[in-house]
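# Observations on the three-dimensional arrangement
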Amino acid sequence: KQEVTQIPAALSVPEGENLVLNCSFTDSAIYNLQWFRQDPGKGLTSLLLIQSSQREQTSGRLNASLDKSSGRSTLYIAASQPGDSATYLCAVLQGGSEKLVFGKGTKLTVNP
Amino acid sequence: DVKVTQSSRYLVKRTGEKVFLECVQDMDHENMFWYRQDPGLGLRLIYFSYDVKMKEKGDIPEGYSVSREKKERFSLILESASTNQTSMYLCASTLGRLSSYEQYFGPGTRLTVT
């Protein structure tokens, strides 16, 4: 059974710092991996989608990498801002399945 | 832009009531999903549908049913609401079946059962 883990559960950084959020998964047979952002009391916003054949995806200050063989993904946020404060979730789409398996998220706080 | 809307942001119901949560997407997506999200437990899949009138159970279907009569609309039904169904409910959709497309979420419905 696929399990997705995000460590740490919470992270607090000063504004302007570059940071990395981690995601690991136990079964490497995935179609894709998706990173989401969730603000308190709101739905999830898709940030980046990495297909299983890709190594990374970039959008603005965000860069996500995928190492399928080791079961790891990272989300790199450059020059963090207070507006980046949110919970970040990763999820994998298991091969042969319609279902995303989610991690429990990392709550990021960027202090002014 | 893909838009997924949910009928209510906040809902308060009494134990035993029948509750309908509605979700509509405007991008002709084939797949639609219902999740619930609870502190410490993360997102858990209740049901999903990959076509009109087609549905499959997720990880926690007990106490819930679903309906998909039209492609754009996916309803979650709590036949007899209980306090342990107090939660945040999230609807999502994606383009195709067994696809590598992004999953898009609605804003969520915070349901309280008293």
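Residues numbered from 1 in each chain as written. Chains lettered and ligands numbered in written order. Predicted model: local features only at pLDDT ≥ 70, side-chain atom pairs only at ≥ 80, totals over all residues. Heavy atoms only, no water.

## Notes on the overall build of chain B
The cut-off we apply is this: Only DSSP runs of H or I reaching four residues or more are called helices, and only runs of E reaching two or more are called strands; each is numbered from the N terminus. We compute the radius of gyration over the C-alpha atoms and compare it with the globule rule, which gives 2.2 Å times the number of residues raised to the power 0.38. For every residue, the accessible area (1.4 Å probe, protein chains only) is compared with the maximum for its type, and the residue is labelled buried under 20%, exposed over 50%, or partly exposed between those bounds. The contact criterion used throughout is that any non-hydrogen atoms of two residues lie within 4.5 Å. A 1.4 Å probe and the Shrake-Rupley method give the accessible areas. Residues count as covered only by the protein chains that appear here. Charge assignment in this entry is limited to Lys and Arg as positive and Asp and Glu as negative, and neither His nor the chain termini are counted. The atoms used to mark charge sites are NZ of Lys, CZ of Arg, CG of Asp and CD of Glu.
Within chain B one finds zero helices and eleven strands. In terms of overall dimensions, chain B is globule-like: its C-alpha atoms have a radius of gyration of 13 Å, near the 13 Å expected for 114 residues. Each principal axis of the C-alpha atoms in chain B carries an extent, and together these give about 40 × 25 × 25 Å. Burial statistics for chain B: of 114 residues in total, 48% are counted as buried. A separation of at least 24 residues holds for 56% of the contacts in chain B among residues at least 6 apart in sequence. As displayed, chain B has an accessible area near 5500 Å², and 49% of this comes from carbon and sulfur atoms. Across chain B, the mean location of the 16 positive side-chain charges is 6 Å away from that of the 15 negative side-chain charges.

## Digging into the state of the cysteines
All names here are of chain A. Counted only if it meets this: Disulfides are defined in this document as cysteine sulfur pairs within 2.5 Å.
For the structure on display, the rule yields two disulfides over all chains. Across the disulfide, Cys23 is cross-linked to Cys90 (sulfur-sulfur distance 1.9 Å). Taking the torsion about the S-S bond as the criterion, the Cys23 to Cys90 disulfide, at about 75°, is right-handed. Of this pair, Cys23 sits in strand E3 (residues 19–25) while Cys90 is found in strand E9 (residues 86–94), placing the two residues 67 residues apart along the sequence.

## A word on the nonpolar core
Stated formally: The set of buried Ala, Val, Leu, Ile, Met, Phe, Trp, Tyr and Cys residues whose side-chain atoms join them within 4.5 Å is what this entry labels a nonpolar core.
Ranked by internal contacts, the top residues of the largest apolar core, which has 23 residues, are Leu33, Trp35, Leu75, Ile77 and Tyr88 of chain A. Going through the elements one at a time, E3, strand E4 (30–38), strand E5 (44–51), strand E7 (62–67), strand E8 (72–77), E9 and strand E11 (106–111) of chain A are the ones with two or more residues in this core. Here Tyr88 of chain A is in contact with Gln6, Leu21, Phe36, Arg37, Leu47, Leu75, Ile77, Gly105, Thr106 and Leu108 of chain A, once residues within four sequence places are set aside. Cys23, Met32, Ala81 and Tyr89 of chain B belong to the second-largest nonpolar core, a separate cluster that totals 20 residues.

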